[in-house]
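As a plain string of letters, each chain reads:
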Amino acid sequence: MMRPINFCSGPSALPLSVLARMRDELMDFQGSGISVIEHSHRDPRIVQLFTDVERQLLAALGLDVGYRALLLSGGATLQFSQLAMNLLGQDGVGAYVTTGAWSEKAVKAAAAYGTAVEIASAKSSGYTEFPAIDAWNIPEDARYVHLCTNETIHGVEWFGSVAELGLPVIADMSSHILSRRMPMHTYDLVYAGAQKNLGTAGVTLVVIKSDLLDRCQLHPGTPDVLSYAAQAAQGSMVNTPPVMSVWVLSLMLDWLESMGGVDAIEVQNRAKAALMYGAIDASGLYHNPVAEDARSWMNVPFVLADPALDAAFLAEAEAAGLLNLKGHRSVGGMRASLYNAITVSDVQVLIDFMHTFERTRG
Ligand SMILES: *Cc1c(COP(=O)(O)O)cnc(C)c1O
């Protein structure tokens, strides 16, 4: 039987070869005789694993010098609070661009630690576009600008440049990190939960420019485990780290390299998105509401012209081995998440199914 294709928005599909390596290598880490998850995190092999993952990640992102990669816990959700705890001091100002559900949560969370100002919002469009950068109204005393460069629920992606903003820029890249070549050096802090494009839940990547790391101003009462500076000084091991998830991340980075790196993945992801939006735009049944210049390559929401067909679409898709296509409840309809592990031919299988459904039911 064919293995189902998992279009889940997160946790996401993993490459079969990564799952196979997990199975094959779980029992014996690097000839030590015991599993990676049984070792002390102070064991030199595990310390080396963390060092290698940091180096491999920064290289994949195109950031060799001047940045650190921290391997933390708590998901991207904790970063909404943690970045404010580290950068706003007693009561600093953070500037927020609101482009959907995730950036809404980020601005709300930060308000507990300082002043979080919304400087632009796409809410009135129903989150179907990205607010133009010249309309971002940044307060003079802001310590940073925060944006979510791929809104997973609404399928809205940032393709613009933040190079000229003149203050630190922070991005939630949870659902599109390493999906294509991006000008990473124009960002001062980037974070991402691993369970979308980088592996499995449990580890959250925080990439931070060294000079921002040096200028962190902790909110009073912030514990060491939530301090970027303390985590950086202790190799992301202030306490017992999620070694299993970091190990899966290392296998994902090996896989990415074996695929030809980010540039090769970009070619594939561009083709997948073009196929998917092309099929939707050519159809009379399916519709995607997002402005053309903001359509996400990774998350493609679409609605059916007649919502009464939704249940049949999902049931028939599942029977055909196409899983997790239901859209987020706040948007309705469907969503196909096309993370790195999804291939061009997986997308073609989905499109063939959509054509057949339209012909027989539409
Ligand atoms: C999934 C997601 C989150 C939340 O991630 P957790 O790891 O579950 O906390 C935050 N931001 C974006 C853009 C996401 O896609």
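What comes next concerns the included structure. (Residues numbered from 1 in each chain as written. Predicted model: local features only at pLDDT ≥ 70, side-chain atom pairs only at ≥ 80, totals over all residues. Heavy atoms only, no water.)

### Notes on the packing of aromatic side chains
Next, step 1: Here the structure, examined in full by the defined rule, presents twelve aromatic pairs.
Next, step 2: Centre to centre, the rings of Tyr286 and Phe313 are 6.0 Å apart; their planes meet at 70°, and the pair counts as edge-to-face. Placement of Tyr286 in strand β11 (residues 286–287) and of Phe313 in helix α9 (residues 310–319) is noted, with a sequence separation of 27 residues between them. Phe313 shares its class with Tyr286; the two are buried.
Next, step 3: Taken together, Tyr286, Phe302, Phe313, Phe353 and Phe357 form an aromatic cluster joined through their ring pairs. (Phe/Tyr/Trp six-rings, centres within 6.5 Å; stacked < 30°, edge-to-face > 60°. Helix = DSSP H or I, 4+ residues; strand = E, 2+ residues; numbered from the N terminus. Buried < 20%, exposed > 50% of the residue type's maximum accessible area, 1.4 Å probe, protein only.)

### What about the nonpolar core?
Next, step 1: Grouped together as the largest cluster of nonpolar side chains are 62 residues, with contacts concentrated most on Trp136 and Leu178.
Next, step 2: Top element by residues in this core is helix α7 (residues 243–258). It accounts for ten residues.
Next, step 3: Setting aside residues no more than four positions away along its own chain, Trp136 makes contact with Val97, Ile119, Ala120, Phe130, Pro131, Val145, Leu147, Trp158 and Leu165.
Next, step 4: Core analysis: the second largest hydrophobic core is formed by 33 residues, Tyr286, Leu309, Leu325 and Ile342 among them. (Core = buried A, V, L, I, M, F, W, Y, C linked by side-chain atoms within 4.5 Å. Contact = heavy atoms within 4.5 Å.)

### Overview of the site of the ligand
Next, step 1: Taken together, 13 residues lie near the ligand, and Thr77, Thr152, Asp172, Gln195 and Lys196 sit nearest.
Next, step 2: At 3.1 Å, a backbone N or O of Ala76 approaches an oxygen atom of the ligand.
Next, step 3: A distance of 2.5 Å is found between an oxygen atom of the ligand and a side-chain nitrogen or oxygen belonging to Thr77.
Next, step 4: Contact with the protein chains removes 87% of the 380 Å² of surface that the ligand exposes when unbound.
Next, step 5: In terms of residue count, helix α3 (residues 75–87) provides more of the shell around the ligand than any other element does, four residues in total. (Near = heavy atom within 4 Å. Polar contact = N/O pair within 3.5 Å; in protein donor to acceptor, adjacent residues only side chain to side chain. Areas by Shrake-Rupley, 256 points an atom, 1.4 Å probe, with all protein chains shown as cover.)

### Comments concerning the sheet that holds strand β2 (residues 67–72)
Pairing between sheet strands relies on hydrogen bonds along the backbone, with the strands arranged either parallel or antiparallel.
Next, step 1: Reading across from one edge, β2-β10-β9-β8-β5-β3-β4 is the order of the seven strands in this open sheet, with mixed pairing throughout. Each edge of the open sheet is held by one strand with a lone partner, namely β2 and β4 (115–121). Looking at each pair of strands side by side, their axes are set apart by 20° on average, direction ignored.
Next, step 2: In this structure, strand β8 (residues 169–172) lies alongside strand β9 (residues 189–193), joined through three bridges in parallel fashion. Pairing of Ala171 across the sheet is with Val190, part of β9.
Next, step 3: Those strands touched by helix α2 (residues 44–61) are β2 and β10 (204–209), and its axis lies near 125° from that of β2.
Next, step 4: On top of the sheet, helix α4 (residues 101–110) reaches β3 (93–98), β4, β5 (142–148), β8 and β9; it is set at about 160° to β3, its chief contact. (Pairing = 2+ DSSP bridges. Axes fitted to C-alpha atoms, helices over the stretch in contact; angles between N-to-C directions.)

### Digging into α2
Since the α-helix turns once every 3.6 residues, residues separated by three or four places project in the same direction.
Next, step 1: The end-to-end C-alpha distance of α2, which contains 18 residues, comes to 26 Å, matching closely the 26 Å that a straight helix rising 1.5 Å per residue would cover.
Next, step 2: Among the residues of α2, Ile46, Leu49, Phe50, Val53, Glu54, Gln56, Leu57, Leu58, Ala60 and Leu61 are the ones counted as buried.
Next, step 3: For α2, the elements touching its buried residues are β2, β10, α7 and α8 (261–282).
Next, step 4: Of the residues flanking the end of α2, it is Gly62, one or two places downstream, whose phi is positive at about 80°. (Expected span 1.5 Å × (residues − 1).)

### Details of the side chain of Asn150
Next, step 1: Along the chain, the position of Asn150 falls in strand β6 (residues 150–151).
Next, step 2: Taking relative accessible area as the criterion, Asn150 reaches 1% and is therefore assigned buried.
Next, step 3: Of the polar contacts made by the side chain of Asn150, one reaches the side chain of Ser175; its length is 2.9 Å.
Next, step 4: A polar contact of 2.8 Å, which involves the side chain of Asn150, links it to the side chain of Asn299.
Next, step 5: Those residues in contact with Asn150, other than ones at most four positions away along the chain, are Val156, Glu157, Asp172, Ser175, His176, Ser296, Met298 and Asn299.

### So, the sheet that holds strand β14 (residues 334–337)
Next, step 1: Here three strands make up an open sheet; going across it, the order is β11-β12-β14 and the pairing antiparallel. Both edges of this open sheet fall to β11 and β14, since each of them pairs with a single strand only.
Next, step 2: Bridge count for strand β12 (residues 299–304) against β14 is four bridges, and the pairing is antiparallel. Along β14, the bridge assignment pairs Pro301 with Arg335.

### A short note on the pairing of β12
Next, step 1: Burial runs high along β12: five of the six residues are buried.
Next, step 2: The sheet contact formed by β11 and β12 spans two bridges and is antiparallel. What sits directly across from Tyr286, in β12, is Leu304.

### Topic: the pairing of β2
Next, step 1: Within β2, five of the six residues are buried, which leaves it mostly tucked inside the rest of the structure.
Next, step 2: Relative to β10, β2 is paired through six bridges, and the arrangement is antiparallel. Residue pairing in the sheet places Leu70 in a bridge with Val206 of β10.

### Notes on the environment of Asn269
Next, step 1: Tracing the sequence through the fold places Asn269 in helix α8.
Next, step 2: Those residues in contact with Asn269, other than ones at most four positions away along the chain, are Ser179, Trp297, Met298, Leu338 and Asn340.

### Considerations on the pattern of salt bridges
Next, step 1: Tallied over the entire structure, the rule returns 14 salt bridges.
Next, step 2: A salt bridge links Arg23 to Asp24; its shortest N-O distance comes to 3.0 Å. Of the two residues, Arg23 and Asp24, neither departs from the other in class, the shared state being exposed.
Next, step 3: In this structure, the salt-bridge partner of Glu266 is Arg270, at a minimum N-O distance of 3.0 Å. Here Arg270 and Glu266 lie together in helix α8, a separation of four residues that amounts to about one turn.
Next, step 4: Taking relative accessible area as the criterion, Glu266 reaches 15% and is therefore assigned buried.
Next, step 5: On the basis of relative accessible area, Arg270 is assigned to the partly exposed category, the value being 45%.
Next, step 6: Salt bridges sharing partners connect three or more residues here, namely Arg21, Glu25 and Asp254. (Salt bridge = Lys/Arg side-chain N within 4 Å of Asp/Glu carboxyl O.)

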